[in-house]
Amino acid sequence: MTHTRQTLSLTMHVGTADLDWLQLQRLMDLTAPWARNRDLKDLERAVLASNPVVHLWDGDFLVGFARSTSDGVYRAMLWDVIVHPRYQGQGIGRTLVETLLAQPQLAQVEKVYLVTTDQKGFYERLGFVENGSATMLLIR
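Residues numbered from 1 in each chain as written. Predicted model: local features only at pLDDT ≥ 70, side-chain atom pairs only at ≥ 80, totals over all residues. Heavy atoms only, no water.

1. As for the side chain of threonine 31
Part 1 of the argument: Locating threonine 31 in the fold gives a position in helix α1 (residues 21–31).
Part 2 of the argument: Setting aside anything within four residues of it in sequence, one finds threonine 31 in contact with Ile82, Val83, His84 and Pro85. (Helix = DSSP H or I, 4+ residues; strand = E, 2+ residues; numbered from the N terminus. Contact = heavy atoms within 4.5 Å.)

Structure (structure tokens):
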């Protein structure tokens, strides 16, 4: 049996310039159960309030996206790390997270948080550990 690995030529973008909001909405609907059916205007508002934002393209096709919010010193939160199913398993998620963490807004932050339900192993391989502290939530 012969296995071939597709050689990817992807382009990383940092920031919200060149972000196709409809493609992002479709990618979230496809890959992120927590983000399905987000209103396009609300999605745009949330992403524009995030910094840094990274997105990865194969030509004009959005294949991956991640964003963060942070105070730049003490705390940061990763949000919406997503990769199109056809591109999963090729290191793209790792590249997105590592690119986010290397940005000046996050590079010196003391603690970086995230919420995950089914990707714990992926984040552990990137150095994240379980946080035993109490987490509270206000839902409006």
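Having seen the structure, we can now continue with the description.
2. Some details on the pattern of salt bridges
Part 1 of the argument: A full pass over the atoms with the stated rule returns six salt bridges.
Part 2 of the argument: As a salt-bridge pair, arginine 94 and glutamate 98 come within 2.9 Å of each other at their nearest N and O atoms. Of this pair, arginine 94 and glutamate 98 both sit in helix α3 (residues 92–102), separated by four residues, roughly a single helical turn.
Part 3 of the argument: Arginine 94 gets classed as partly exposed once you look at its relative accessible area, which sits at 34%.
Part 4 of the argument: Looking at glutamate 98, the relative accessible area reads 40%, which means it is partly exposed.
Part 5 of the argument: Salt bridges linked by common partners bring Arg38, Arg67 and Asp80 together as one network. (Salt bridge = Lys/Arg side-chain N within 4 Å of Asp/Glu carboxyl O. Buried < 20%, exposed > 50% of the residue type's maximum accessible area, 1.4 Å probe, protein only.)

3. Some details on the nonpolar core
Part 1 of the argument: In terms of nonpolar packing, the biggest core is built from 19 residues, with Leu96, Val97 and Tyr123 touching the most fellow members.
Part 2 of the argument: Elements represented by at least two residues in this core include exactly β2 (53–58), β3 (61–70), β4 (75–83), α3 and α4 (120–125).
Part 3 of the argument: Excluding anything up to four places from it in sequence, leucine 96 contacts Met12, Val54, Leu56, Gly64, Phe65, Ala66, Ile82 and Val83. (Core = buried A, V, L, I, M, F, W, Y, C linked by side-chain atoms within 4.5 Å.)

4. A word on the environment of threonine 99
Part 1 of the argument: Along the chain, threonine 99 falls in helix α3.
Part 2 of the argument: Measuring from C-alpha to C-alpha, the distance between threonine 99 and histidine 13 comes to 9.9 Å, with 86 residues separating the pair along the chain.
Part 3 of the argument: Apart from the residues within four sequence positions on either side, threonine 99 is in contact with Met12, Val14 and Val54.

5. A word on the sheet that holds strand β1 (residues 11–14)
Part 1 of the argument: Strand order in the open sheet formed by five strands is β1-β2-β3-β4-β5, and the pairing between neighbours is mixed. The two strands at the open ends of the sheet, each matched to only one other strand, are β1 and β5 (111–113). The average undirected angle you get between the axes of adjacent strands in this sheet is 20°.
Part 2 of the argument: When β1 meets β2, the two strands line up antiparallel, connected through four bridges. Residue pairing for β2: methionine 12 is matched across the bridge by leucine 56. (Pairing = 2+ DSSP bridges. Axes fitted to C-alpha atoms, helices over the stretch in contact; angles between N-to-C directions.)

6. Remarks on the side chain of arginine 67
Part 1 of the argument: Of note, arginine 67 is situated in strand β3.
Part 2 of the argument: At a separation of 2.7 Å, a polar atom in the side chain of arginine 67 contacts the side chain of aspartate 80. (Polar contact = N/O pair within 3.5 Å; in protein donor to acceptor, adjacent residues only side chain to side chain.)

7. Regarding the packing of aromatic side chains
Part 1 of the argument: Within this structure, the stated rule accounts for three aromatic pairs.
Part 2 of the argument: Between the aromatic rings of tyrosine 123 and phenylalanine 128, the centroid separation amounts to 5.8 Å while the plane-to-plane angle is 85°, which identifies the pairing as edge-to-face. Residue tyrosine 123 shares its accessibility class with phenylalanine 128, and that shared class is buried.
Part 3 of the argument: Connected via pairs of aromatic rings, a cluster forms that spans Phe122, Tyr123 and Phe128. (Phe/Tyr/Trp six-rings, centres within 6.5 Å; stacked < 30°, edge-to-face > 60°.)

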